[in-house]
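# Reading the structure
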Amino acid sequence: MNYVEISKELRKKVVKLKHESQGGHLGSALSCIDILTVLYFKVLNIDPKNPLDENRDRFIFSKGHASAAWYSVLCQKGFFPESELIESANGSKIAGHPVKDSFPGVEASTGSLGHGFPIANGMALAGKKDNKNYKVVVMISDGECDEGTTWEAALFAAHHKLDNLTVVIDYNKIQSFGKTDEVMNLDPLGAKWESFGFDVQEIDGHDFDQLEKAFDKQNDKPKVIICHTIKGKGIKTMENTVESHYHKVTDQEYQQFTEEINQSKL
Amino acid sequence: MRKGFVKALIELAAKDKDVYLLTGDLGFNAFEPFIEKFPGQYINCGIAEQHMVGMAAGMALSGKKPYVYSIVPFLTFRALEQIRADICYQNVNVKLIGVGGGFSYGSLGCTHVVMEDLAVMRTLPNMTVLSPADALETEALVHAMYQTQNPTYLRLANAGQYSTHQTRPVINLGVPVVFEQGGDMAVIVTGIQTNFCVQIANELKDQHINITLIGMPSLKPINEEALLKAIGSCKKILTVEEHSVIGGLGAAVGEILERHNWQGKIQRMGINDAFPTKVGTSDWLRTEYGLDKENIKKTILALLVN
């Protein structure tokens with residue numbers, strides 16, 4: 001499958017999970033699908049058959065509220081069978097936020113914002129101490145940039161020259177209760193990271209070529225890729241809305257959204 | 001106690017390259033020998049405790065064994081959610097070392113004098129909670145906790161001139177340290193006051209009064225059978241701790257006794273539910289708040305006759 005086909009499969013999985021769980025964060029999951037597609041099907045050196053390989057790349061999904069996206073890509077990649085892709089049913093392994101070891105490939109429990117980046121720093125530092133070549137990628141949300149620990153972690157990563165670390169920001173510009181520039185303005189976001197000592201790239205987070213190229217970049221700095229994305233990407237009525245953070249997918253919408261994704265060219 | 005911690009950690013780091021000392025920019029006049037011997041296993045994480053704890057979790061998830069050091073409130077309260085979600089929820093091998101327990105920093109005010117840490121740490125699933133009596137007990141606990149994979153909180157106090165043990169004791173985590181047995185009442189104690197209680201027990205012995213004295217370097221886990229065996233037939237119990245009477249040693253012992261339907265009288269000595277706002281030296285504050293040797297002795301004698 002090519003990127004477009006994979007990302008369509010992932011979006012349909014997300015809609016299925018959100019329909020069955022009747023949980024929120026649909027828009028947050030849809031905005032990061034294309035980034036996850038490139039990460040898991042191109043960038044990350046990981047093997048579902050050997051998920052604990054000590055030389056594997058580490059990926060921390062810090063914007064844990066969008067776990068439906070992450071579990072969908074793990075499933076698509078073969079870390080667990082589709083029969084277990086069930087969210088928030090009684091006894092199911094998938095919760096609204098990722099739980100470490102719920103499935104192979106879930107490196108850390110996340111969901112409290114501002115926690116994944118420090119954990120990623122610890123993994124990146126450990127890799128350096130052990131002279132390992134693995135890279136560490138952590139995906140954070142834009143709202144997560146409100147958290148103090150994001151900037152504590154940025155200070156640390158730059159000071160310790162963690163060039164094996166990449167922070168990916170899913171910059172869909174809508175956080176829990178409003179637009180980021182209304183709740184807590186982040187701009188100029190790139191300049192902030194640059195001033196902290198990061199290599200900064202700003203790209204279209206739905207453009208597969210740009211994503212590939214951005215993840216290819218090598219230098220001696222910790223890296224941040226600010227991915228400009230669209231919240232709810234792929235479902236027109238959800239795109240760029242705060243509503244998509246809370247919307248419960250009805251039976252009828254499940255069919256409609258799935259069909260819309262099938263038909264779309266993205 | 002912190003020198004005991006550093007001494008033991010140097011011993012561990014010498015044989016295990018995965019042992020790391022992380023500090024929130026503290027450790028002046030204590031960590032220098034460690035830094036000199038193992039510069040690559042020492043990380044000053046700056047004054048950013050939440051990040052430090054989360055990062056330690058990431059290191060532990062990558063096979064490292066971080067010992068994370070800061071002053072009690074900055075470690076246990078500032079970084080509480082990281083301790084809960086990143087350390088305990090994920091059940092990773094991170095050891096938290098809180099310095100300045102109880103009245104250690106009595107001259108610095110209640111931002112630094114914390115009497116609630118043991119209670120809060122004790123409620124966290126997977127967490128081991130330790131509170132040594134002196135430097136040698138600290139060394140023993142550091143070695144004992146190294147043997148486990150559990151998240152652990154070690155509360156260090158400034159023991160000053162106080163010491164109970166003459167040599168490094170062997171401590172099995174959770175098993176009480178029985179100093180005296182066979183009395184009519186049991187004194188169960190943790191931390192600095194252990195030193196006072198050992199002296200009191202000796203003085204009472206000279207007056208032909210025997211008490212059972214049980215030291216509790218581990219508040220969690222507690223080997224319940226061993227504790228009940230040490231209490232034996234005592235029908236009066238006094239718990240003593242430099243900590244709030246809510247949620248610490250007294251509560252832990254009470255919970256066990258309740259579970260085992262123990263019948264008798266139990267009294268708690270500690271800090272009542274208020275900030276101890278007086279300012280002074282540790283020993284002066286112990287006297288002011290009734291946790292000094294004389295008041296403990298008085299309380300024991302009163303409980304013996306009532």
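Residues numbered from 1 in each chain as written. Chains lettered and ligands numbered in written order. Predicted model: local features only at pLDDT ≥ 70, side-chain atom pairs only at ≥ 80, totals over all residues.

A few words on the overall build of chain A. In terms of regular secondary structure, chain A is built from ten helices and seven strands. Here chain A has a C-alpha radius of gyration of 17 Å; the compact-globule value for 266 residues is 18 Å, and the two agree. Across its three principal directions, the C-alpha atoms of chain A cover 50 × 45 × 35 Å. Taking all 266 residues of chain A together, the buried fraction comes to 53%. Within chain A, contacts between residues separated by at least 24 positions form 74% of all contacts whose residues are at least 6 apart in sequence. (Helix = DSSP H or I, 4+ residues; strand = E, 2+ residues; numbered from the N terminus. Rg over C-alpha atoms; globule rule 2.2 N^0.38 Å. Buried ≥ 20, exposed ≤ 12 C-beta atoms within 10 Å, placed from the backbone. Contact = placed C-beta atoms within 7 Å.)

What follows concerns the overall build of chain B. Assigned secondary structure in chain B consists of twelve helices and twelve strands. Computed over its C-alpha atoms, the radius of gyration of chain B comes to 19 Å, within 12% of the 19 Å expected for a compact globule of 306 residues. Principal axes of the C-alpha set define a box for chain B whose edges measure 60 × 40 × 35 Å. Classification of the 306 residues of chain B by burial places 56% in the buried group.

What follows deals with the interface of chain A and chain B. Interface size is commonly expressed as the accessible surface area that is lost when the partners come together. On the side of chain B, 21 residues touch chain A, which itself brings 20 residues to the contact. For the side of chain A that touches chain B, the secondary structure elements donating two or more residues are α5 (116–129) and α6 (148–159) of chain A. By residue number, the principal contributor to the side of chain A that touches chain B is α5(A), which donates nine residues. Among the residues forming the side of chain A that touches chain B, the class breakdown is ten nonpolar, seven polar and three charged. (Nonpolar A, V, L, I, M, F, W, Y, C, P; charged D, E, K, R; others polar.)

Turning to the sheet that holds strand β6 (residues 199–204) of chain A, a few remarks are in order. Residue and element names in this part refer to chain A. Here we have five strands laid out as an open sheet, ordered β1-β2-β3-β7-β6, and parallel in their pairing. Here the strands that pair on one side only, and so sit at the sheet edges, are β1 (58–61) and β6. Pairs of neighbouring strands in the sheet enclose a mean axial angle of 20 degrees, with direction left out of account. In this structure, strand β2 (residues 136–141) lies alongside strand β3 (residues 165–171), joined through six bridges in parallel fashion. Each residue of the ladder has a partner; that of Val138, found in β3, is Val167. (Pairing = 2+ DSSP bridges. Axes fitted to C-alpha atoms, helices over the stretch in contact; angles between N-to-C directions.)

Of all hydrophobic cores here, the largest spans 178 residues; its most connected members are A:Ala69, B:Val68 and B:Val187. With residues up to four places along the chain from it excluded, the contact list for B:Val68 reads B:Leu22, B:Met52, B:Val53, B:Ala56, B:Leu75, B:Val94, B:Lys95, B:Leu96 and B:Ile97. (Core = buried A, V, L, I, M, F, W, Y, C linked by C-beta atoms within 7 Å.)

This brings us to the sheet that holds strand β9 (residues 212–215) of chain B. Residue and element names in this part refer to chain B. One open sheet holds the five strands; their spatial order is β7-β9-β8-β11-β12, and the pairing between them is mixed. Pairing within the sheet leaves two strands with one partner each, and these edge strands are β7 (177–180) and β12 (265–271). Neighbour to neighbour, the strand axes of the sheet diverge by 20 degrees on average, direction disregarded. Against the sheet, helix α10 (residues 249–259) engages β8 (185–189), β11 (236–244) and β12, with an angle of about 145 degrees to β11.

This part covers unusual backbone geometry. Most of the time, phi is negative for any residue but glycine, and the peptide bond is trans. For the peptide bond that leads from A:Asp187 to A:Pro188, omega is 0 degrees, which places it in the cis range. For the peptide bond that leads from B:Lys220 to B:Pro221, omega is 5 degrees, which places it in the cis range. Topologically, B:Pro221 is positioned in the loop between β10 (218–220) and α9 (224–231). Non-glycine residue A:Ser88 carries a positive phi angle of around 60 degrees. Mapped onto the elements of the fold, A:Ser88 is located in the loop between α4 (67–77) and α5. One non-glycine residue, B:Asn29, lies in the positive phi region at around 65 degrees. In this fold, B:Asn29 is placed in the loop between β1 (19–23) and α2 (32–37).

What follows covers the pairing of β1(B). Residue and element names in this part refer to chain B. For β1, a buried count of five out of five residues is recorded, marking the element as mostly surrounded by other parts of the structure. Across the two faces of β1 the burial is the same, with Val19, Leu21 and Thr23 and Tyr20 and Leu22 all buried. Pairing analysis gives five bridges linking β1 to strand β3 (residues 65–71), with the strands arranged parallel. The residue of β3 that forms the bridge with Val19 is Lys65. Note: β1 against strand β2 (residues 42–44), three bridges, orientation parallel. When the sheet's bridge partners are listed, Leu21 is paired in β2 with Tyr42. On the question of chirality, the crossover connecting β1 to the parallel β2 by way of α2 is right-handed. (Right-handed = clockwise from strand over helix to strand, strands pointing away.)

What follows deals with α9(B). Residues and elements named next belong to chain B. Every buried residue belonging to α9 is among Leu227, Ala230 and Ile231, and all of these are buried. Projected down its long axis, α9 shows its buried positions confined to an angular sector of 100 degrees, all on one face. Along α9, the residues that are exposed and aim more than 90 degrees away from the buried face are Glu225 and Lys229. Those residues of α9 that are buried are in contact with β7, β8, β9, β11 and α10. With its phi angle positive at about 55 degrees, Gly232 sits one or two positions after the end of α9. (Arc of directions from axis to C-beta.)

All names here are of chain B. For chain B, the assigned domains read domain 1 (2–155) and domain 2 (177–305). Contacts between the two partners involve 24 residues from domain 1 and, on the opposite side, 28 residues from domain 2. Sorting the residues of the side of domain 1 that touches domain 2 by element identifies α6 (117–122), β5 (128–130) and α7 (135–146) as the ones contributing at least two each. Class assignment of the residues belonging to the side of domain 1 that touches domain 2 gives a composition of twelve nonpolar, eight polar and four charged. (Domains from an automatic or database assignment.)

Residue and element names in this part refer to chain B. Taking 1.5 Å of rise per residue, the twelve residues of α7 would be expected to cover 16 Å, and the 17 Å separating its terminal C-alpha atoms lies within 8% of that figure. Taking burial as the measure, the twelve residues of α7 include ten buried ones, the bulk of the element. Among the residues of α7, Ala135, Leu136, Glu137, Thr138, Glu139, Ala140, Leu141, Val142, Ala144 and Met145 are the ones counted as buried. Against the buried residues of α7 lie α1 (2–15), β4 (95–99), β5 and β6 (152–155). (Expected span 1.5 Å × (residues − 1).)

This brings us to the confidence of the model for chain B. Model confidence for chain B is summarised by a mean pLDDT of 97, while 100% of its residues fall at 70 or above. The ipTM, which scores confidence in the relative placement of chains, is 0.97 for this predicted complex, and the corresponding pTM is 0.97. (pLDDT = per-residue confidence, 0-100.)

The next thing to look at is the packing of helix α1 (residues 3–21) of chain A against α4(A). Residue and element names in this part refer to chain A. Viewed as axis vectors pointing N to C, α1 and α4 meet at an angle of 125 degrees, and their least axial separation amounts to 9 Å. Viewed along their axes, α1 and α4 adopt a mutual orientation that is oblique. Judged by the twist between their axes, the crossing of α1 over α4 is right-handed. Together, Ile6, Glu9, Leu10, Lys13, Val14, Leu17 and Lys18 of α1 and Ala68, Ala69, Ser72, Val73, Cys75 and Gln76 of α4 make up the contact between the two elements. (Parallel < 35°, antiparallel > 145°, perpendicular 65-115°, else oblique. Left-handed = near helix turned anticlockwise from the far one by under 90°.)

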